[in-house]
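Reading the structure
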Amino acid sequence: MADSHSIPPHGTHVPDALLRRTAAMFKAVGSPDRLRLLECLRGGEACVTGLAEHLGVNVTTTSNRLQLLAREGLVTRRREDRHQYYRLADGHVEELLDVALEHARHTHGD
């Protein structure tokens, strides 16, 4: 029988730098407004102006939120003329959203 004071070995081998990076990523998605942006980008690439109009938020706020998500590697961007286009960085982001939303549904019954 395991000692009730023992620490499970799984998390002890994760480097501190990776834990900090992961915490920053979770902090970036820790806002319903930024999560909504990620959900919108599931459908593919979109420009800041279009996202702002769709969500009823001003362009500057939308741009700032997307820049934060980009800094944490959750979205990528490209520029075309005067417009910035964003998309989910990769399939991991979509999986992260799926797992987080399913966990929230499971734990809160929504």
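This write-up is about the structure you can find in this document. (Residues numbered from 1 in each chain as written. Predicted model: local features only at pLDDT ≥ 70, side-chain atom pairs only at ≥ 80, totals over all residues. Heavy atoms only, no water.)

Here the focus is the sheet that holds strand E3 (residues 83-88). If you trace the three strands from one edge of the open sheet to the other, you get E1-E3-E2, paired in antiparallel fashion. In the strand order of this sheet, the two ends are held by strand E1 (46-47) and strand E2 (75-80), each with one partner. Pairing of E1 with E3 involves two bridges; the strand directions are antiparallel. In the sheet register, Cys-47 faces E3, and the bridge partner there is Tyr-85. In this fold helix H2 (residues 32-41) packs onto E1, E2 and E3, with an angle of close to 85° to the strand it touches most, E3. (Pairing = 2+ DSSP bridges. Helix = DSSP H or I, 4+ residues; strand = E, 2+ residues; numbered from the N terminus. Contact = heavy atoms within 4.5 Å. Axes fitted to C-alpha atoms, helices over the stretch in contact; angles between N-to-C directions.)

Here Glu-72 lies in the loop between helix H4 (59-71) and E2. Residue class for Glu-72 comes out buried when judged on its relative accessible area of 17%. Side chain to side chain, Glu-72 and Arg-21 meet in a polar contact 2.7 Å long. If near-sequence neighbours (up to four positions away) are discounted, Glu-72 is found in contact with Arg-21, Ala-24, Met-25 and Ala-28. (Buried < 20%, exposed > 50% of the residue type's maximum accessible area, 1.4 Å probe, protein only. Polar contact = N/O pair within 3.5 Å; in protein donor to acceptor, adjacent residues only side chain to side chain.)

For the rest of this paragraph, the subject is the packing of helix H3 (residues 48-55) against H4. At their nearest, the axes of H3 and H4 sit 9 Å apart, and the two run at 115° to each other. With respect to their mutual orientation, H3 and H4 come out roughly perpendicular. Our pair here, H3 against H4, has a crossing hand that is right-handed. Two secondary-structure elements touch here, H3 through Val-48, Thr-49, Leu-51 and Ala-52 and H4 through Val-59, Thr-62, Ser-63 and Leu-66. Here the residues of the contact of H3 with H4 are counted per class, giving five nonpolar, three polar and no charged. (Parallel < 35°, antiparallel > 145°, perpendicular 65-115°, else oblique. Left-handed = near helix turned anticlockwise from the far one by under 90°. Nonpolar A, V, L, I, M, F, W, Y, C, P; charged D, E, K, R; others polar.)

This paragraph deals with the nonpolar core. In terms of nonpolar packing, the biggest core is built from 17 residues, with Leu-38, Leu-41, Leu-66, Leu-69, Val-75 and Tyr-86 touching the most fellow members. Once residues within four sequence positions are removed from consideration, Leu-41 is found in contact with Ala-46, Leu-51, Leu-66, Val-75, Tyr-86, Arg-87 and Leu-88. (Core = buried A, V, L, I, M, F, W, Y, C linked by side-chain atoms within 4.5 Å.)

Honestly, it's all geometry; don't read function into it.
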